[in-house]
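Below, each chain spelled out in residue letters.
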Amino acid sequence: MFLKIVKNDFIRNKISTISVLLFITMAVILATSAVNNVTTLIQSMAKLEERAVPADIAQMHTGEFDQAEIDRFTLQYRDHIAMQETMILQNVDGSNIHFSQNQTLAGTIQDISFVVQNRKFDFILNLDNEKLDVKEGFVAVPIYFMEQHDLKIGDTITVKSGGYEKEFVISDYARDFEMNSSLTSSKRFVINHNDFHEMFVIGPGEMEYLIEFKLNKNGDADTVQTAYIEAGLPANGPSIRGKMFLLFNAMSDIAVAMVIILISILLLIIAFLCIRLTFLASIDEDLREIGVMKAMGISKEDIKKVYLNKYRAISLIAGIIGYLLSLATVNLLNGNIKLYISSDLSGSLNYLLSLIAPLLVYFIIVMYCKRVLKRIDKISAVEALRRDSIEHGKNGKHHFPLIKNKFFSINIYMGLVDVWKRFKLYRLLFVIFIVCTFIVILPVNIFNTMTSPEFSTYMGIGKQDMRIDLRRTDRITEDFIKLQQELENDNDIEKFATYVTSSYPVKNEEGSWNYMNIEIGDFSAFPLNYLEGRGPEREGEISLSFANAAKDGLNKQVGDEVTVRVGGREQSLTVTGIYQDITNGGKTAKANANLGVNEKAVLWYIVSMDMVDGVNIPAKMDYYQNAYSTAQVNDIKEYTQQTLGNIINQMGTVVIGGIAIAIIIAVLITALFLRMLLSKDISQIAIMRSVGLTLKQINHQYMAGTMMVLVVGIILGVVIANLLGEFLVSMAMSSMGAAKIEFVHIVWQTWLLCPLALITTVGWTIFMSCKVAVKDDLSVVLRS
Amino acid sequence: MTYIIEARNMNKKVMLGKGHEIHILKDVNLEIEEGEFVSVMGASGSGKTTLLYNISGMDRLTSGSVKFNGREIGSLKEEELAKIRLKSMGFIFHDINLLKNLSLIDNIMFPALVSTEANKNSVNHKAKKLMKMTGIDKLANHNINQGSGGQLQRAGICRALINDPDIIFGDEPTGALDSKSTEEIMSILGEINKSGTTIMLVTHDVKVAAKTERILFMVDGNIVSHKKMRKYDAQQNDSREREEDLLKWLVENGF
Ligand SMILES: Nc1ncnc2c1ncn2[C@@H]1O[C@H](COP(=O)(O)OP(=O)(O)O)[C@@H](O)[C@H]1O
Ligand SMILES: [Mg+2]
């Protein structure tokens, strides 16, 4: 019998039922896909880790190196260290790597090195997660470059430098657990041992060493690292912990999953509103029946069950359909995982676990319905006979006398007054418009922020036209001096400043020494935005990145002291400011130039510059790139975009998806709402017609009201997306080192294009839905 | 003699579900003179309301013609009909039918303010005058749920009068009122009629009908007979006689 009532209700409220079904289904699809993807990510990460056996501690080093010392150290700490291996990296500049017709890898911000496969651990794998075994004349290219330059297996790359020239055929993708991500700034090409040897002897490579440790189960990374530094072993370069590799690998997928889950939560909220709307409408229609049923002594619980069963059925159907469809949509999301982490995504755990999403949605919906249905308790048999006495003409609400209306035509005025008088009703629509605007604006803002030059703020870089990075080579110091002289004499350069990053021992909270990269130079030339305080302007001052100043870093605040060892002497530096930086794992520092360079551990030089107005920046970039082939010349935008890599692409997809979803929702609900409103108001409309209003004039009233709700909703939505959105994104990003994201507004997009898109589509819907198609005789409604 | 309403062979049929049709008005003919005060009586379901709505162009006839001030209204567009209703007709309903979002005075002014050329101050002035005449001037800024039935119906009459219509239609305007309110409403309508406005009322109440000058009697979709009387004049104190006279006539016609 209940089934029959549910079926009847389905037929009566066809459109609204279908919309609720649609929204819940969409929410289930998104949530299930996201959960499925995260499960897949965790699973395949574990598998990949098992195969690749990444290091727990990896120390980069350039310069003198003695393996025997390291072997002694390993032996001494064998309680902690299971295995040690040193990988030799031959750094080759991107401009020396040629492919297809006449392209090179110049301009990449990645450090490229050629290596051979390790013997004990930290293996570089092929797409089947098997250890790469590259034959002579072949090369395995990192996935990052395969993707970025659309390379295929069988293509060739040529390494040309000085007297060395050799062509390699690409035999494999190189899946590299440690350096997969665009956020890790090094990439390893794997070649055969013989080719490596040849390159070693005559080749162009600058040597670099990757000293890696695999610890025992109970091995303590902190102990080993501190002991390593204390022992004065080679440490001229950054050192990375195993956890970092995990984070970098998972980040872009986690970020996308978070955005998708956020959207699915918003969809659920919309489904709630829809349920409320349909329920309010149908309870209005059923008021008499409910009253009668109550009078007949049927219990409230049984009456509620009738309504509840409808939504139980809807959630069940939506859950099943959504789950099944997610089996298809998840393939749109897991492309990244497939490529970078595991090509074989078979397995069933993820499908099983992602059942959580539809089940959760089901229970949330049922719980919400139970809450809404509490209204039935309040309906008395008396009230049932005096319908809609509740909303209209409320006492105490402010009057808007027609005589006071100076600005609007009377019909527009009537529409606006109606919104005020029955705000409870319009509130539903209002919230929908806010949510839809939010869904459009937030991804647009994130996208614009990530692709804007201002994003450099979050990478610890001041605003500048161009930057030249000089990385570890034998000629690094000469090049640096020569570059400075040349810039001095270049009239096109308005100003430039040089920064040297080297590694210094810094005293941590426990009183032992850790190595930390500190950049020194004149930070007033290209000032950063500081979260707190200011830059290191005077001698003895230092500023720290957010992650470095945080609890799990040095745990310092502005005004605290940091002890640094330079040239064997301890110096105490005052923290003057904290800035945001998501590069190099988020832990960086900037000190006044007077600190002095740690000559033995120089990592890189950076030159920042601004051009005189009107100078052709790309041409300048080309010039310096050619003159200093080992340097990386970038404008800031390119630099940030290459670092963020495919997160930007994925965000772009989310932007388009967000706009589509928002518009579908807004259009559907508006149509639904107006249909309900017009049928609710049928007698008021008839009265106005009897008085002599034309249908057109009445349409204008409803259009004015809903358009105002739309416009105010959009304005509020934009504001909320900006404020709340910044807060949400900042929270998500604070683990990476950016604690206070400020969105970059492209005003014509956030305030013009997106609102306009919503206004035109929804406005059109309003226009179409407000056409009160009354062919009927007026007496049908008005007769007594 | 000029007719404000001239209706010929009015037929109204309504479809009830599939194929089942009911014939509500059957070849009805009717003329109403300018300035006349007419009432329609008849059993419930005889088609009185239907007649009123079709004469006034609120419903569309199935066949036949209705001329209002010499103009055929059956062929007019929705907008032209609306304009006629706005400018030349007034309606008073059994259910009063005021707009819920507006105060009493705004309900009264509303039809006047709809036309763009309206002067707000003079409309306001006129509304106040009408309210004073009907004795509800104290309620001007009240909500519509704050007045009694009689007070609201007076507001309904004021609304009907605001655009100086040629004719006022009333569908049992006193049906829900007590006898004292009914009396007062009828005297207001009498005054209005005296000033030249044509009035056509549907009523069940003999006391109401006795204060009009012509009574139409409807049976089963037909006007079966008329009764013509002198214009009512309160000074003459003959309402008793008029009522008895009318009642006798009604009984003769099978009321
Ligand atoms: N739209 C309609 N649909 C069905 N029946 C109708 C419709 N309009 C009127 N009727 C029927 O026509 C008859 C006459 O109605 P009505 O004009 O309201 O009578 P009266 O006002 O004299 O009581 C009644 O039986 C009524 O049920
Ligand atoms: Mg009737």
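Residues numbered from 1 in each chain as written. Chains lettered and ligands numbered in written order. Predicted model: local features only at pLDDT ≥ 70, side-chain atom pairs only at ≥ 80, totals over all residues. Heavy atoms only, no water.

1. A closer look at the overall build of chain A
1) Next: In terms of regular secondary structure, chain A is built from 23 helices and 21 strands.
2) Next: Overall size of chain A, expressed as C-alpha extent along the three principal axes, is 105 × 60 × 55 Å.
3) Next: Taken over 784 residues, chain A has a buried fraction of 56%.
4) Next: Of the contacts made within chain A by residues no fewer than 6 positions apart, 81% connect residues no fewer than 24 positions apart. (Helix = DSSP H or I, 4+ residues; strand = E, 2+ residues; numbered from the N terminus. Buried < 20%, exposed > 50% of the residue type's maximum accessible area, 1.4 Å probe, protein only. Contact = heavy atoms within 4.5 Å.)

2. What about the overall build of chain B?
1) Next: Of the regular secondary structure elements, chain B holds eight helices and 10 strands.
2) Next: A compact globule built from 255 residues should have a C-alpha radius of gyration of about 18 Å, and chain B, at 18 Å, falls within 12% of that.
3) Next: With respect to the three principal axes, the spread of C-alpha positions in chain B is 50 × 45 × 40 Å.
4) Next: Of all 255 residues assigned to chain B, the portion counted as buried reaches 54%.
5) Next: Long-range pairs, those at least 24 residues apart, make up 68% of the contacts in chain B between residues at least 6 apart in sequence.
6) Next: Of the accessible surface of chain B, which amounts to about 11500 Å², a share of 48% is contributed by carbon and sulfur atoms.
7) Next: The centroid of the 34 positive side-chain charges in chain B is displaced by 4 Å from the centroid of its 34 negative side-chain charges. (Rg over C-alpha atoms; globule rule 2.2 N^0.38 Å. Areas by Shrake-Rupley, 256 points an atom, 1.4 Å probe, with all protein chains shown as cover. Lys, Arg positive; Asp, Glu negative; His and termini not counted. Charge placed at Lys NZ, Arg CZ, Asp CG, Glu CD.)

3. Some words on the site of ligand 1
1) Next: Of all residues adjacent to ligand 1, which total 14 residues, the nearest are Arg 783 of chain A together with Gly 45, Lys 48, Thr 49 and Thr 50 of chain B.
2) Next: Within the backbone of Gly 45 of chain B, a nitrogen or oxygen atom sits 2.7 Å from an oxygen atom of ligand 1.
3) Next: Note that an oxygen atom of ligand 1 is positioned 3.0 Å from one of the backbone N or O atoms of Gly 47 of chain B.
4) Next: Protein chains shield 69% of the accessible area of ligand 1, which is 550 Å² for the free molecule.
5) Next: Among the elements of the structure, β1 (3-16), β2 (20-33) and α1 (48-55) of chain B are those that each provide at least two residues to the shell around ligand 1.
6) Next: The element that contributes the greatest number of residues to the shell around ligand 1 is α1 of chain B, accounting for three residues.
7) Next: Residues that form the shell around ligand 1 fall into these classes: six nonpolar, six polar and two charged. (Near = heavy atom within 4 Å. Polar contact = N/O pair within 3.5 Å; in protein donor to acceptor, adjacent residues only side chain to side chain. Nonpolar A, V, L, I, M, F, W, Y, C, P; charged D, E, K, R; others polar.)

4. Here we look at helix α3 (residues 104-114) of chain B
1) Next: In terms of residue burial, α3 of chain B counts as a mostly covered element, since 11 of its 11 residues are buried.
2) Next: Among the residues making up α3 of chain B, those that are buried are Leu 104, Ile 105, Asp 106, Asn 107, Ile 108, Met 109, Phe 110, Pro 111, Ala 112, Leu 113 and Val 114 of chain B.
3) Next: Residues of α3 of chain B that are buried in the fold lie against α13 (410-421), α20 (682-691) and α21 (695-733) of chain A together with α2 (78-88), α4 (120-134) and α5 (149-161) of chain B.

5. Some remarks on the packing of aromatic side chains
Residues and elements named next belong to chain A.
1) Next: One pass over the full model with this rule turns up 22 aromatic pairs over all chains.
2) Next: Aromatic side chains Tyr 144 and Phe 145 sit 5.2 Å apart centroid to centroid with 85° between the ring planes, which places their arrangement in the edge-to-face category.
3) Next: Owing to a relative accessible area of 5%, Tyr 144 belongs among the buried residues under this scheme.
4) Next: Centre to centre, the rings of Tyr 362 and Phe 363 are 5.5 Å apart; their planes meet at 85°, and the pair counts as edge-to-face.
5) Next: A relative accessible area of 19% means that Tyr 362 is categorised as buried.
6) Next: Residue class for Phe 363 comes out exposed when judged on its relative accessible area of 51%.
7) Next: Grouping aromatic residues by their ring pairs yields a cluster made of Phe 114, Tyr 144, Phe 145, Phe 168 and Phe 189.
8) Next: Taking the ring centre of Phe 526 as reference, the NZ or CZ of Lys 495 above it sits at 4.8 Å. (Phe/Tyr/Trp six-rings, centres within 6.5 Å; stacked < 30°, edge-to-face > 60°. Lys NZ or Arg CZ within 6 Å of the ring centre and 35° of its normal.)

6. Structural notes on the nonpolar core
1) Next: Counting residues in hydrophobic clusters, the biggest one holds 183 residues, and the most contacted among them are Ile 665 of chain A together with Leu 51, Phe 110 and Leu 189 of chain B.
2) Next: A total of 18 residues in this core trace back to one element, the largest contributor, which is helix α14 (residues 423-451) of chain A.
3) Next: For this core, the two domains that each supply at least three residues are domain 1 (1-56 + 237-391) and domain 3 (396-456 + 640-784) of chain A.
4) Next: Not counting residues within four places of it along the chain, the set of residues in contact with Ile 665 of chain A comprises Phe 23, Met 26, Leu 267, Ile 270, Ile 432 and Cys 436 of chain A.
5) Next: Formed by 51 residues, the second largest nonpolar core is a distinct cluster that contains Leu 48, Met 146, Val 159 and Ala 250 of chain A. (Core = buried A, V, L, I, M, F, W, Y, C linked by side-chain atoms within 4.5 Å. Domains from an automatic or database assignment.)

7. Re the domain arrangement of chain A
How large an interface is tends to be reported as the accessible area lost when its parts come together.
1) Next: Domain annotation of chain A identifies domain 1 (1-56 + 237-391), domain 2 (63-70 + 84-216), domain 3 (396-456 + 640-784) and domain 4 (474-629).
2) Next: The centre of domain 2 of chain A, based on its C-alpha atoms, is set 29 Å off from the matching centre of domain 4 of chain A.

8. Side note on the pattern of salt bridges
Where charged atoms of side chains with opposite charge meet at close range, the side chains can pair.
All names here are of chain B.
1) Next: Within this structure, the stated rule accounts for 31 salt bridges over all chains.
2) Next: Glu 184 is the salt-bridge partner of Lys 180, the closest N and O atoms lying 3.3 Å from each other. Pair noted here: Lys 180 and Glu 184 are both in helix α6 (residues 179-194), with a separation of four residues, about one helical turn.
3) Next: The exposed category is assigned to Lys 180, whose relative accessible area is 59%.
4) Next: Taken together, the shared-partner salt bridges in this structure form one network comprising Glu 36, Glu 213, Arg 214, Lys 228 and Lys 231. (Salt bridge = Lys/Arg side-chain N within 4 Å of Asp/Glu carboxyl O.)

9. Notes on the interface of chain B and chain A
1) Next: The partner chain A presents 36 residues to the 38 residues of chain B that form the contact.
2) Next: At the boundary of chain B with chain A, total buried surface from both sides reaches about 3300 Å², with 55% on carbon and sulfur atoms.
3) Next: For chain B, the biggest contributors to the area lost against chain A are Lys 100, Asn 101 and Phe 110 of chain B; these three give 21% of the whole.
4) Next: For the pair chain B and chain A, the number of links is one salt bridge.
5) Next: Arg 689 of chain A serves as the salt-bridge partner of Glu 78 of chain B, at 3.9 Å between the closest nitrogen and oxygen.
6) Next: At the junction of chain B and chain A, the tally comes to seven residue pairs in polar contact (both at pLDDT 80 or more). (Buried area = accessible area lost by both parts, 1.4 Å probe.)

10. With respect to the confidence of the model for chain A
All names here are of chain A.
1) Next: Chain-level statistics for chain A give a pLDDT mean of 83 and a share of 91% at 70 or above.
2) Next: By mean pLDDT, helix α12 (residues 381-385) is the weakest element of chain A at 51, and strand β6 (residues 138-142) is the strongest at 95.
3) Next: Confidence drops under a pLDDT of 50 for residues 385-396, and excluding neighbours within four residues, the segment shows 21 contacts in the predicted structure. (pLDDT = per-residue confidence, 0-100.)

11. Notes on the packing of α14 of chain A against helix α22 (residues 747-769) of chain A
Residues and elements named next belong to chain A.
1) Next: Running from N to C, α14 and α22 cross one another at 145°; their axes reach a closest spacing of 10 Å. When the axes of α14 and α22 are compared, the crossing they make is right-handed. Contacts from Phe 433, Cys 436, Thr 437, Val 440, Ile 441, Val 444, Asn 445 and Asn 448 of α14 reach α22 at Gln 749, Thr 750, Cys 754, Leu 758 and Val 762.
2) Next: Its residues placed into classes, the contact of α14 with α22 shows eight nonpolar, five polar and no charged. (Axes fitted to C-alpha atoms, helices over the stretch in contact; angles between N-to-C directions. Left-handed = near helix turned anticlockwise from the far one by under 90°.)

12. Details of the side chain of Asp 122 of chain A
1) Next: Take Asp 122 of chain A: it is sitting in the loop between β5 (111-115) and β6.
2) Next: Setting aside residues up to four positions removed in sequence, Asp 122 of chain A forms contacts with Ala 52, Val 53, Pro 54, Gln 117, Glu 178, Arg 188, Leu 210 and Glu 212 of chain A.

13. As for the UniProt feature "transmembrane region" (unreviewed entry) in chain A
1) Next: The UniProt feature table records "transmembrane region" (unreviewed entry) at residues 254-279, 313-337, 349-369, 428-447, 651-674, 702-725 and 745-767 of chain A.
2) Next: Secondary structure within residues 313-337 of chain A divides into 96% helix and 0% strand; the distance between the first and last C-alpha atoms comes to 35 Å. (UniProt positions renumbered as here; feature names shortened; annotations may be inferred.)

14. Brief notes about the sheet that holds strand β3 (residues 37-42) of chain B
Residue and element names in this part refer to chain B.
1) Next: Strand order in this open sheet of six strands is β6-β7-β8-β3-β9-β10, and the pairing throughout is mixed. Either end of the sheet is taken by a strand with one partner, and the two such strands are β6 (89-92) and β10 (222-228). Between one strand axis and the next, the sheet turns by 20° as a mean value, whatever way the strands run.
2) Next: Helix-sheet contacts for α2 involve β6 and β7 (167-171), and the interaxial angle to β6 is about 75°. (Pairing = 2+ DSSP bridges.)

15. Digging into the pairing of strand β1 (residues 57-61) of chain A
Residue and element names in this part refer to chain A.
1) Next: Within β1, five of the five residues are buried, leaving the element largely enclosed by the surrounding structure.
2) Next: Covered by surrounding structure in β1 are Ile 57, Gln 59 and His 61 together with Ala 58 and Met 60, the residues of both alternating faces.
3) Next: Summarising the sheet, β1 and strand β11 (residues 239-241) pair through three bridges and their orientation is antiparallel. Note that in β11 the partner of Gln 59 across the bridge is Ser 239.

16. Brief notes about helix α8 (residues 300-333) of chain A
1) Next: Taking 1.5 Å of rise per residue, 34 residues should cover 50 Å, and α8 of chain A covers 46 Å from first to last C-alpha, within 8% of that figure.
2) Next: At Leu 327 of chain A, α8 of chain A shows its maximal bend, which comes to roughly 40°. (Expected span 1.5 Å × (residues − 1). Bend = angle between axes of the 7 residues up to and from the residue.)

17. Some points on the confidence of the model for chain B
1) Next: Mean pLDDT over chain B: 90, with 99% of residues reaching 70 or higher.
2) Next: Reported confidence for the predicted complex is 0.93 by ipTM and 0.73 by pTM.

18. Examining the sheet that holds β6 of chain A
Residue and element names in this part refer to chain A.
1) Next: With respect to topology, 11 strands assemble into an open sheet ordered β4-β3-β7-β8-β6-β9-β5-β2-β10-β1-β11, the strand pairing being mixed. The open sheet has two free edges, formed respectively by β4 (103-104) and β11, since each of these has just one partner strand.
2) Next: With five bridges joining them, β5 and strand β9 (residues 186-191) adopt parallel strand pairing. In the sheet register, Ser 113 faces β9, and the bridge partner there is Arg 188.
3) Next: Taken strand by strand, helix α5 (residues 193-202) contacts β2 (81-91), β5, β6, β8 (164-174), β9 and β10 (206-215), and its axis lies near 145° from that of β8.

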